[in-house]
Amino acid sequence: MARFSERYGYVMPSKVIIREEITEEIENAICSVYDKLKQSDKLVYDKVEEYLWCEFLNQRLSDFYIRYGHQTVATDYISDIDIEWHNKLGLIEETIVSLRKMKKTCYDYFVNGMNCQFKRLNFAYRIVDDLIVEITSEEEIASIQQALDVSQNGVRTHLHTALVHLSTNPVGDYRNSIKESISAVEAISREITGEKSINFKKMEEAGVSVPSALREAFNKLYGYTNDGTTGIRHALMDDTNEPTADEAIFMLVFCSAFINYLTKKISNK
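Residues numbered from 1 in each chain as written. Predicted model: local features only at pLDDT ≥ 70, side-chain atom pairs only at ≥ 80, totals over all residues. Heavy atoms only, no water.

Draft legend 1. Examining the overall build of the chain more closely. When helices and strands are counted, the chain shows 13 helices and two strands. When the 269 residues of the chain are sorted by exposure, 45% land in the buried category. Taking the contacts inside the chain whose residues are at least 6 apart along the sequence as the reference set, 59% of them involve residues at least 24 apart. Working note: accessible area of the chain is about 14500 Å², and carbon and sulfur atoms make up 50% of it. (Helix = DSSP H or I, 4+ residues; strand = E, 2+ residues; numbered from the N terminus. Buried < 20%, exposed > 50% of the residue type's maximum accessible area, 1.4 Å probe, protein only. Contact = heavy atoms within 4.5 Å. Areas by Shrake-Rupley, 256 points an atom, 1.4 Å probe, with all protein chains shown as cover.)

Okay, here's the thing in structure tokens:
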């Protein structure tokens, strides 16, 4: 709910999505999620701290035990003003990796807590498939996650790799992210038709019919990925049309949605 000052126009609600920085409010929220993890399961939290000290900061284990008890690894790192914002997000990703190996309930608690705080504070990032990516719409996230959840290995691998390229810090590899997104669609098309390239006619013969208007829209986007000026499928001719984060996110969301659509078509045959 909007606050009094916002409802009555004394303070306008922020329309700016915070990106490429971590404000004091976001920093405090991140540290609070770590605090709550510690409160919920001290044993798991201690193991996470040790993992971050040795595997993320690459420090000696013996030094951890000397230091431990006076300071904390995660929250000290997040609060350090001399550390770049993207390195702090890297620490959160490493925390997620360690929690997935330890305890599912703590993993779910941590990831959901972080995503809740990111959303609340208009932070332009979310945790999707264990990676922090620049996506702001909950519908977009749901579409990508659904495609990851329902897809077979080949399709899922391409989608996950698209996320990896998108989440590379401090600047994503947007050309290769788009390439992997479209490759994921090619992979599900291959599952239907057995052909390497996308062939809607063959899909229809296999019992998966796609309306002509949707075919045309997808073919235009497919043509965009094969345009030599973008450098997605071919060597980059110049940097005037080099894809940005916006194009990469759009293609990942669109391809995920199209994969979800084809998956439903397959299941309804």
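Still more ground to cover, so stick around.
Draft legend 2. Highlighting the packing of aromatic side chains. One pass over the structure, following the stated rule, counts 15 aromatic pairs. Between F118 and F123, the ring centres sit 5.0 Å apart and the planes meet at 75 degrees, which makes this aromatic pair edge-to-face. As far as burial versus exposure is concerned, F118 and F123 are alike and both buried. Between the aromatic rings of F200 and F218, the centroid separation amounts to 6.0 Å while the plane-to-plane angle is 90 degrees, which identifies the pairing as edge-to-face. Taken together, the positions of F200 in helix α11 (residues 200-205) and F218 in helix α12 (residues 212-225) put the pair 18 residues apart, joining distant regions of the chain. F218 carries the same exposure label as F200, and that label is buried. Taken together, the ring pairs connect F200, F218, Y222, F250, F254, F258 and Y261 into an aromatic cluster. (Phe/Tyr/Trp six-rings, centres within 6.5 Å; stacked < 30°, edge-to-face > 60°.)

Draft legend 3. Structural view of the packing of helix α6 (residues 85-102) against helix α7 (residues 104-120). Between α6 and α7, whose axes approach to 7 Å, the crossing angle comes to 150 degrees. As summarised for this structure, α6 and α7 are arranged roughly antiparallel, according to the angle between their axes. Contact residues: α6 offers I92, T95, I96, L99, R100 and M102, while α7 offers K104, C106, Y107, F110, V111, M114 and F118. In the contact of α6 with α7, the residues fall into ten nonpolar, one polar and two charged. (Axes fitted to C-alpha atoms, helices over the stretch in contact; angles between N-to-C directions. Parallel < 35°, antiparallel > 145°, perpendicular 65-115°, else oblique. Nonpolar A, V, L, I, M, F, W, Y, C, P; charged D, E, K, R; others polar.)

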